[in-house]
Amino acid sequence: FLQAWILVLCFVAFIPQAEAGPKIQHWTLENGARVYFVESRELPMLQVRVVFDAGSSRDPADKAGVANLAATMLDEGTDGLSTDDIAGRFEGVGAEFSAGVDRDMAGVNLRSLSDSALLDPALDLFAQILAKPAFPAENLERLRAQSLVMLQKDAQSPGAIAEKAFYRELYGAHPYASDPLGDEKSLKSITREDLLAFHQRHYVGANAWVVIKP
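Now for a description of the structure that goes with this document. By convention here, each chain's residues receive numbers from 1 onward along its written sequence. Selection of residues for local features in this predicted model requires a pLDDT of at least 70, selection of side-chain atom pairs for listing and counting requires 80 or more, and totals for whole chains, interfaces and linings are taken over all residues. Note that water and hydrogens are dropped before the side-chain values are worked out from all heavy atoms of the structure.

The next subject is the packing of helix α3 (residues 83-92) against helix α4 (residues 116-131). Here, axes are lines fitted to C-alpha atoms. For helices the fit covers the stretch in contact, and angles between N-to-C directions go from 0 to 180 degrees. Think of it this way: any DSSP run of H or I at least four residues long counts as a helix, any run of E at least two long counts as a strand, and we number them from the N terminus. Remark: α3 packs on α4, axes separated minimally by 10 Å, with the N-to-C direction vectors making an angle of 150°. The orientation of α3 relative to α4 falls into the category roughly antiparallel. Along this stretch, α3 crosses α4, giving a crossing that reads as left-handed. Side by side, α3 and α4 meet where Ile86, Arg89 and Phe90 of the first sit next to Ala122, Leu125, Phe126 and Ile129 of the second. Under the convention adopted here, Pro, Cys and the residues Ala, Val, Leu, Ile, Met, Phe, Trp and Tyr are nonpolar, Asp, Glu, Lys and Arg are charged, and Gly plus all remaining residues are polar. Looking at the contact of α3 with α4, its residues break down into six nonpolar, no polar and one charged. Note that the term roughly parallel is reserved for angles under 35 degrees, roughly antiparallel for angles over 145, roughly perpendicular for angles of 65 to 115, and oblique for everything else. Two helices cross in a left-handed way if the nearer one is turned anticlockwise from the farther one by less than a right angle. They cross in a right-handed way if the turn is clockwise. Whether two residues touch is decided by their heavy atoms; if any such pair falls within 4.5 Å, the residues are in contact.

In structure tokens, the structure reads:
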């Protein structure tokens, strides 16, 4: 199922005119990451999307919400850089970073100008974030609190209540039945060590698909 999503990413998310039939180059890196490259020169931009099989369905049984927090916290610190340092460096080279998770996958995105003087430092920082996120304990507490607030809001939203009930009824004991945000009990139990272990296990080359579009 995840591979089907990768094909959707290639043909929809990163190709503005699929009917033109652009050539998609593909290769596999030594670390096992599968790379899809679509050459397009309309704009002086580069878009990189790295998709990991690290969605909420990979949450440990008693730690629902780990996948979401791990993705959310990727840019909260790395190699001695704080959240503000990372944001400042991306802003300084005109680059945009984002990350998110759903039940199937975690997606990490970089959008940068293609000028090498701007692109190279953006890619270097992007690589650092993917390889060595710090998951600072104090940042975890802040984001944990935000997630708990979101759960409280969901509990007051008929639409959110209905959606969660639908997934529980549809998937039963399957991991898809759980809310990617987790629940109050599991969120309160998640530690920095849980995030590090999840990252070490799932954010690896053999578990990644990379889509690149200049």
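Attention now moves to the side chain of Asn109. Inspection of the secondary structure puts Asn109 in strand β7 (residues 106-113). The buried label goes to any residue with under 20% of its type's maximum accessible area, the exposed label to any with over 50%, and the partly exposed label to all in between, with areas taken from a 1.4 Å probe on protein chains only. The exposure class of Asn109 is buried, given its relative accessible area of 19%. Between N or O atoms, a polar contact is any pair within 3.5 Å; within protein, one atom must be a potential hydrogen donor and the other a potential acceptor, and residues adjacent in sequence are included only when both atoms are from side chains. A distance of 2.6 Å separates a polar atom in the side chain of Asn109 from a polar atom in the side chain of Arg49. When sequence neighbours within four positions are dropped, the list of residues in contact with Asn109 reads Val48, Arg49, Glu96, Phe97, Ser98 and Phe126.

This brings us to unusual backbone geometry. Its identity is not glycine, yet Asp79 carries a phi of approximately 45°, on the positive side. Examined against the element boundaries, Asp79 turns out to sit in the loop between β4 (77-78) and β5 (81-82). Exposure remark for Asp79: the relative accessible area of 45% places this residue in the partly exposed category.

A separate point is the sheet that holds strand β6 (residues 96-101). Strands are labelled as partners when DSSP assigns at least two bridges between them. The mixed open sheet is built from six strands, whose spatial order is β1-β2-β8-β3-β7-β6. The strands lining the two open edges of the sheet, one partner per strand, are β1 (24-28) and β6. Direction aside, neighbouring strands of the sheet carry axes that sit 15° apart on average. Pairing of strand β3 (residues 45-52) with strand β8 (residues 208-213), which is carried by six bridges, proceeds in the antiparallel orientation. The partner of Val50 across the bridge, within β8, is Val210.

Moving on, we get to the environment of Arg111. Structurally, Arg111 can be placed in strand β7. Linking Arg111 and Ala122, residues eleven residues apart in sequence, is a C-alpha distance of 8.8 Å. Excluding anything up to four places from it in sequence, Arg111 contacts Met45, Leu46, Gln47, Gly94, Ala95 and Glu96.

Before going further, it helps to examine the pairing of strand β2 (residues 34-38). By the criterion of burial, β2 is predominantly enclosed, with five of the five residues buried. A two-sided burial pattern is seen for β2, the buried positions comprising Arg34, Tyr36 and Val38 on one face and Val35 and Phe37 on the other. For β1 and β2, the ladder comprises five bridges, and the chain directions are antiparallel. When the sheet's bridge partners are listed, Trp27 is paired in β2 with Val35. Connecting β1 to the antiparallel partner β2 that follows it, the hairpin turn spans five residues, and Gly32 within it adopts a positive phi of roughly 100°. In the sheet, β2 pairs with β8 via four bridges, with the strands oriented parallel. For Tyr36, the partnering residue across the bridge sits in β8 and is Val211.

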